[in-house]
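# Structural overview for review
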There are 2 protein chains.
Amino acid sequence: MTDKIIEFYFEFGSPYGYFAANEIEALASEMGRTVVWKPFMLGSAFAKTGSVPLREVPLKGDYCLQDWERISDYTGTPWSLPKKFPTAILAAPRGFYWLVDQGKDDLAVTYAKAAYKAYFADNRPLWTDQEAADVAKECGIDREEFLSAVQDKHVKSRLIEEGQKAIDRGVFGSPFIIIDDEAFWGWDRIAMIRDWHKQGKWS
Amino acid sequence: MTDKIIEFYFEFGSPYGYFAANEIEALASEMGRTVVWKPFMLGSAFAKTGSVPLREVPLKGDYCLQDWERISDYTGTPWSLPKKFPTAILAAPRGFYWLVDQGKDDLAVTYAKAAYKAYFADNRPLWTDQEAADVAKECGIDREEFLSAVQDKHVKSRLIEEGQKAIDRGVFGSPFIIIDDEAFWGWDRIAMIRDWHKQGKWS
């Protein structure tokens, strides 16, 4: 462990967030840092920036479909376009902070990775509470407690607050990576961060 | 020379296009390809995608300001935020195709690089016909002929047609790089293309 961190903001419904999630720990390890995982609801940021989901933008939507396929080819990260996409993924990020608030940070990260894999690699309906709870169970989390927690008003509020804190921090996309207060938006920037680190930027 | 090409679409008013323009020929050389430069008016594509200039987007606008500074630090490409930005840059791309249509492709590329440098490194008012013509003169182009050409209706139409062709091709941003019909959007992707080429993708 080190007290140097990489803040990793991501939306569970974001393909680029998913691809970055599969690379962020290797990057952090190379840099002698630990990752602080911060899921948030991208919809709140979109309301601020006036953005809409990528798939719904003419031209860009078609580009992204091809882009996700090839990032999978390029990185080896498994990929399958979810049956329902884009859609709101709520139980997973709520469950994440519910775990964190119990001091179970490592389990929360394990759950985040499993949830991403379920949605973007295994084509499971993560948008339902039931499926999000099934994934939780597979991670060794009590299924009924999880189901109850993700409908709890305090847990719901917690996620909304995290979204507001992200916006206050300047986060407007997924993934969004912050290293020593310097922000990097997009999966594409992982290569830049890696290369710049090798050149000694953060030494 | 090779008959393998990289199609390089760019908008003269685009910082990311400028940074890419400073790297695209080295990339092409590594890949044994030649660059076909294709300026277009990003505004036409934005009308299609509903996008607005980056600087005008909350959060994202501030991010970009910092991002351009650091890309300059990272790549060594000189950078200075233009006094008027964003703004329509018309004479430069019109002049570019006017040169191409005279068979002066190399001179057109020389002009494109000089115009980008004038606007984004030397803080010159490239948005005026007079300044665009001054840059042309510095490249050995007849200043009066250039000034007359960029107000010619056929030259104006030519640029509009190139913009439509770009949209028909799926181009929606700047820079936009096409290699064997595969599209890459953004300066960030140059590193990916380079790395993937080294891995043998286009061999």
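All of the points below concern the structure found in this document. Given the structure is predicted, the values throughout are model-derived calculations rather than measurements.

It is worth spelling out the sheet that holds strand β4 (residues 182–185) of chain A at this point. Residues and elements named next belong to chain A. Strand order across the open sheet formed by 4 strands is β2-β1-β3-β4, with mixed pairing between neighbours. Every interior strand has two partners, whereas the edge strands, β2 (34–39) and β4, have only one. Taking the axes of each pair of neighbouring strands and ignoring which way they run, one obtains an average angle of 20° across the sheet. As paired strands, strand β1 (residues 5–10) and β2 are joined by 6 bridges and run parallel to one another. Bridging from a neighbouring strand, Ile5 pairs with Thr34 of β2.

What follows deals with the packing of helix α5 (residues 91–100) of chain A against helix α9 (residues 153–168) of chain A. Residue and element names in this part refer to chain A. Interaxial distance between α5 and α9 falls to 9 Å at its minimum, and their mutual angle equals 100°. It follows from the interaxial angle that α5 and α9 lie roughly perpendicular. Along the contact surface, α5 presents Pro93, Arg94, Tyr97 and Trp98, while α9 presents Val155, Lys156, Arg158, Leu159 and Glu162. Considered class by class, the residues forming the contact of α5 with α9 number 5 nonpolar, no polar and 4 charged.

Attention now goes to the sheet that holds strand β3 (residues 176–179) of chain B. Adjacent strands of a sheet pair through backbone hydrogen bonds, lying either parallel or antiparallel. All names here are of chain B. A sheet is described by the order of its strands in space; here 4 strands give the open sequence β2-β1-β3-β4, paired in mixed fashion. What marks the edges here is a single partner per strand, and that holds for β2 (34–39) and β4 (182–185). Shown here is a sheet whose adjacent strand axes are inclined to one another by a mean of 20°, direction ignored.

Reading the values: rules and limits
- Residues numbered from 1 in each chain as written.
- Chains lettered and ligands numbered in written order.
- Predicted model: local features only at pLDDT ≥ 70, side-chain atom pairs only at ≥ 80, totals over all residues.
- Heavy atoms only, no water.
- Pairing = 2+ DSSP bridges.
- Helix = DSSP H or I, 4+ residues; strand = E, 2+ residues; numbered from the N terminus.
- Axes fitted to C-alpha atoms, helices over the stretch in contact; angles between N-to-C directions.
- Parallel < 35°, antiparallel > 145°, perpendicular 65-115°, else oblique.
- Contact = heavy atoms within 4.5 Å.
- Nonpolar A, V, L, I, M, F, W, Y, C, P; charged D, E, K, R; others polar.

Function cannot be read off these values alone, since they describe shape.
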